[in-house]
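Coordinate inspection notes
The chain contents come next:
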Amino acid sequence: MSEQYPLEALASLPSFYHPTVSPDGQRVAFYYDGSGRNELYVQDLASGERTRVSDGTVPRDARHGIAWDADGAGVLFHSNEGGDEQTDVHRMDLDGTTEALVESDGQNTLQGVTDDGRWLYFTSTDGGRYDLHRLDRASGEREQVTAYDQPVWAAEVAPDGERIAYVTNESADRENRDVYLASVESRSTDDRPLAGRDGSDARRLDIGEAGAEASVADWSADGARLLVGDNSPDTDRVGVYDLDADTVEWFGTEEYEERPVAFAGDGFLGIRFRESAVVPVVFDTDGASEGRELDAPTGVAAFPGDEPVVGDGTVLLSQSTPATRAELLRYDLSTDEYEPLVEAEYGAIDPGAFVDCEFVTYESTDGLDVEALHYDARGGPAYDSDDPPESVPAVVMVHGGPHGAALRSFDPYAQFLVSRGYTVFQPNYRGSIGRGREFKNRIHGDWGGMEQVDIREGARWLAGRDGVDADRIAVFGGSYGGYSAYCQLTMHPEPWATGVANVGITDLPLLYEESMPHFKATLEEQMGDPEENADLWRERSPVTHVGDMTAPIFVIHGVNDPRCPVSQARRFREALEDRGWVAGEDFAYEELGEQGHGSSDIDQKTRSYRLLAEYLAERLPVPTGGE
């Protein structure tokens with residue numbers, strides 16, 4: 001075998017997270033782990049000078065976003081303990097001084113601050129549901145703004161601070177999402193919530209058909225228009241809603257899934273999904289309705305932050321490809337020229353060592369075309385390209401969600417596995433985003449059903465590929481991908497030599513019982529009522545089928561995981577032991593302390609990579625030389 005780069009070298013490469021432009025357009029704040037730990041940094045856009053603001057006072061895991069305070073003198077961030085996602089909202093001055101703004105035992109998620117800085121809006125599980133609340137920073141008092149049976153998923157505050165637009169669902173169709181508009185100054189004086197069950201100033205905007213998913217992304221500067229999205233035509237589309245006329249104008253092609261981001265000058269920004277790539281697009285509201293794609297390499301682009309517009313005709317753009325790590329760029333919309341603000345770092349690793357992927361399609365058993373990404377390890381650093389082995393082991397790496405996707409961005413886990421000698425295959429099974437509402441919603445009411453057939457058929461397609469050892473294929477995933485790893489080994493055991501389930505789901509009824517309110521709502525949307533559909537919930541739980549397993553499994557789980565609690569792993573371990581399997585012999589088991597639902601922390605990533613590498617080296621060793 002050729003020389004590999006060290007495990008620690010990849011795990012410790014610095015990354016940036018959640019960049020967002022200051023209100024005056026002169027600075028950008030972001031998380032960055034160049035010191036070895038996640039910290040808050042502020043960078044001057046004119047000089048490029050970068051200053052570290054925090055000193056161990058922000059979460060180690062960069063899962064949750066940040067935002068500038070209205071005055072630009074501080075940054076708001078989410079604080080939590082050990083990845084448990086019971087987040088509070090804190091503020092940090094640019095000298096590093098912090099103060100708690102919103103604290104409770106539930107999950108609090110920042111939604112926005114009024115331009116005068118007085119009102120802070122946030123969604124919260126306080127009260128037993130996931131509703132919109134606000135904090136009066138002048139008095140320190142907080143109040144509930146909405147009261148709905150279904151969660152309020154997102155909110156945007158108008159520039160005048162007197163109106164809010166938000167997304168929820170009042171219909172009987174659990175797949176439905178609507179945008180509502182409400183005046184916060186017309187609030188009644190008897191302490192009732194502004195909108196929902198107990199109040200009702202809000203009005204639903206006529207954006208799409210019943211059962212479709214509408215969204216709101218931004219307000220225009222004059223407060224007269226909303227940037228919205230909707231998937232009534234099947235593919236997501238982007239539009240501008242005129243609040244005076246109560247009409248919406250749609251843009252884009254409707255050939256590809258497109259999503260709105262933010263107003264910018266005389267138009268707005270959006271993203272377009274195409275063949276597992278994400279393309280940045282600028283739309284001119286007075287010009288061509290299909291939009292103009294920006295000049296970026298084929299990969300995954302994003303306009304990060306709540307307000308990615310710098311203010312002088314340039315925007316923030318993050319960009320990566322399968323073989324190049326993410327960079328933060330300042331992109332000039334008029335000239336299509338750009339400059340790096342945060343460059344990708346590679347340390348001692350040769351950037352040329354990273355492997356590009358191939359976009360492929362294959363057919364599932366019912367004739368559905370499934371898209372996937374394929375990384376061929378024989379072209380990577382593990383093997384001599386002049387004398388690669390005839391066949392190598394492979395890992396089918398399943399994404400989470402389930403409404404996620406394997407995209408053509410830099411995937412450190414895929415590159416890590418390729419560097420150790422494993423071909424990697426990433427299927428975008430039914431339920432994945434990027435191919436429209438009908439494809440995404442095919443999984444509803446069918447968790448553990450045909451999407452698992454799609455994954456199994458992906459393994460069979462891979463087994464017939466030149467260069468792949470059909471007898472040595474593993475399944476690996478986290479979150480819903482971990483659920484899929486459990487499902488494959490219990491319900492479709494024949495293609496697999498082994499599997500690794502990270503923070504996965506094994507017992508659906510138990511998951512529902514222990515979930516937060518908005519997670520319960522998602523489970524009900526996707527699997528129906530847990531009592532009315534009790535037989536289905538049990539049948540689609542991997543723990544029900546543990547007796548059908550034939551291949552060994554490695555179970556990894558964080559003890560502070562609120563999405564897929566560690567009880568899921570422990571329940572499965574007990575079932576394995578009940579059937580006579582012995583930990584350390586027939587299966588492996590590892591609980592990760594001080595860690596939640598995955599982590600971006602360098603030390604925790606390094607530990608996870610090492611666990612995966614050691615297990616696969618034992619159960620699925622790679623060939624040496626020209627074997």
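In short, a report on the structure.

Conventions we followed
- Residues numbered from 1 in each chain as written.
- Predicted model: local features only at pLDDT ≥ 70, side-chain atom pairs only at ≥ 80, totals over all residues.
- Heavy atoms only, no water.
- Helix = DSSP H or I, 4+ residues; strand = E, 2+ residues; numbered from the N terminus.
- Contact = heavy atoms within 4.5 Å.
- Areas by Shrake-Rupley, 256 points an atom, 1.4 Å probe, with all protein chains shown as cover.
- Lys, Arg positive; Asp, Glu negative; His and termini not counted.
- Charge placed at Lys NZ, Arg CZ, Asp CG, Glu CD.
- Pairing = 2+ DSSP bridges.
- Axes fitted to C-alpha atoms, helices over the stretch in contact; angles between N-to-C directions.
- Core = buried A, V, L, I, M, F, W, Y, C linked by side-chain atoms within 4.5 Å.
- Buried < 20%, exposed > 50% of the residue type's maximum accessible area, 1.4 Å probe, protein only.
- Polar contact = N/O pair within 3.5 Å; in protein donor to acceptor, adjacent residues only side chain to side chain.
- Expected span 1.5 Å × (residues − 1).
- Patch = residues over 30% accessible without salt bridge, like charges linked within 9 Å, V, L, I, M, F, W, Y side chains within 5 Å.
- Salt bridge = Lys/Arg side-chain N within 4 Å of Asp/Glu carboxyl O.
- Phe/Tyr/Trp six-rings, centres within 6.5 Å; stacked < 30°, edge-to-face > 60°.
- Lys NZ or Arg CZ within 6 Å of the ring centre and 35° of its normal.
- Parallel < 35°, antiparallel > 145°, perpendicular 65-115°, else oblique.
- Nonpolar A, V, L, I, M, F, W, Y, C, P; charged D, E, K, R; others polar.
- Left-handed = near helix turned anticlockwise from the far one by under 90°.

1. Describing the overall build of the protein
Helix and strand content of the protein: 10 helices and 38 strands. At a minimum sequence separation of 6, the contacts of the protein that also span at least 24 residues come to 55%. Per element, the accessible surface of the protein, about 23700 Å² overall, is 41% carbon and sulfur. Looking at the protein, you have 52 positive and 120 negative side-chain charges, and the mean spots of the two groups are 3 Å apart.

2. Description of the pairing of strand β22 (residues 247–251)
Bridging between strand β21 (residues 237–242) and β22 involves 5 bridges; their strand directions are antiparallel. Counted as the bridge partner of V240 is E249 from β22.

3. Overview of the sheet that holds strand β4 (residues 50–52)
Taking strand neighbours across the sheet as the criterion, the 4 strands line up as β1-β2-β3-β4 in an open arrangement whose pairing is antiparallel. With one partner strand each, in any of the chains shown, β1 (16–21) and β4 form the two edges of the open sheet. Direction aside, neighbouring strands of the sheet carry axes that sit 25 degrees apart on average. Note that β1 and strand β2 (residues 27–32) share 4 bridges and pair antiparallel.

4. Quick look at the sheet that holds strand β5 (residues 66–68)
With respect to topology, 4 strands assemble into an open sheet ordered β5-β6-β7-β8, the strand pairing being antiparallel. Each edge of the sheet is formed by a strand with only one pairing partner; in this case those strands are β5 and β8 (98–102). Strand-to-strand twist across the sheet, computed as the mean angle between neighbouring axes with direction ignored, equals 30 degrees. Direction of pairing for strand β7 (residues 88–93) relative to β8: antiparallel, over a ladder of 4 bridges. When the sheet's bridge partners are listed, M92 is paired in β8 with T98.

5. Describing the nonpolar core
Ranked by internal contacts, the top residues of the largest apolar core, which has 47 residues, are V396, W447, L508, M549, I553, F572 and L576. The dominant element in this core, judged by the number of residues it contributes, is helix α5 (residues 480–491), at 7 residues. Among all residues touching W447, those that are not within four sequence positions of it are P402, Y480, Y483, I505, L508, L523, Q526, M527 and R540. Judged by nonpolar contacts, the second largest core, of 45 residues, contains F354, L611, L612 and L616.

6. A look at helix α2 (residues 412–419)
Of all the 8 residues making up α2, 6 are buried; the element is thus mostly covered by neighbouring parts of the structure. Taken together, the buried positions of α2 are A414, Q415, F416, L417, V418 and S419. The elements touched by buried residues of α2 are α1 (7–11), β32 (369–375), β33 (392–398), β34 (423–428), β35 (468–478) and α10 (602–619). In this structure D411 caps α2, since a side-chain oxygen of it lies 3.0 Å from the backbone nitrogen of Y413. Of the residues flanking the end of α2, it is G421, one or two places downstream, whose phi is positive at about 105 degrees.

7. Observations regarding α10
Between its first and last C-alpha, α10 extends 26 Å over 18 residues, near the 26 Å set by a 1.5 Å rise per residue. Within the span of α10, buried status applies to I602, Q604, K605, T606, S608, Y609, L611, L612, A613, Y615 and L616.

8. A short note on a negative patch on the surface
Judged by side-chain charge, E249, D266, D284 and D286 come together as a negatively charged surface patch. Mapping D266 onto the fold places it in the loop between β23 (257–264) and β24 (267–274).

9. With respect to the packing of aromatic side chains
The description of an aromatic ring pair uses the distance of the two centres, along with the angle that the planes make with each other. As enumerated under the stated definition, the model contains 25 aromatic pairs in all. Centre to centre, the rings of Y148 and Y180 are 5.8 Å apart; their planes meet at 50 degrees, and the pair counts as tilted. One end of the pair, Y148, is in the loop between β13 (146–147) and β14 (154–157); the other, Y180, is in strand β16 (residues 178–183), with 32 residues separating them in the sequence. Each member of the pair, Y148 together with Y180, is buried. Each residue in the set Y413, F416, F476 and Y609 is aromatic and connected to the rest through ring pairs, giving one cluster. Taking the ring centre of W250 as reference, the NZ or CZ of R237 above it sits at 3.8 Å. Across from the ring centre of Y256, 5.3 Å away, lies the NZ or CZ of R274, which sits over that ring.

10. Things to note about the packing of helix α4 (residues 450–463) against α5
The relative placement of two packed helices is expressed as an angle between their axes plus a distance between the axes. As a packed pair, α4 and α5 sit with axes 10 Å apart at the nearest point and diverge in direction by 75 degrees. Classed by the angle they form, the pair α4 and α5 counts as roughly perpendicular. Residues E451, Q452, I455 and R456 of α4 lie in contact with α5, whose contacting residues are Y480, Y483, S484, C487 and Q488. Class assignment of the residues belonging to the contact of α4 with α5 gives a composition of 4 nonpolar, 3 polar and 2 charged.

11. Examining the packing of α2 against α10
Between α2 and α10, the shortest axis-to-axis distance is 11 Å and the interhelical angle comes to 35 degrees. In this structure, the crossing between α2 and α10 has a hand that is right-handed. When α2 is examined against α10, the residues P412, Y413, F416 and L417 are found in contact with a partner set consisting of S608, Y609, L612, A613 and L616. When its residues are assigned to classes, the contact of α2 with α10 shows 8 nonpolar, 1 polar and no charged.

12. A few points about the pattern of salt bridges
If you walk through the whole model with that rule in mind, you get 39 salt bridges. As a salt-bridge pair, R203 and D246 come within 3.1 Å of each other at their nearest N and O atoms. Taken as a pair, R203 in strand β18 (residues 203–204) and D246 in the loop between β21 and β22 lie far apart in primary sequence, 43 residues in all. Judged by relative accessible area, R203 falls into the partly exposed class, the value being 32%. For D246, a relative accessible area of 40% corresponds to the partly exposed category. The network of salt bridges with common partners includes D69, D71, R91, D93 and R137.

Read these as spatial facts, not as claims about activity.
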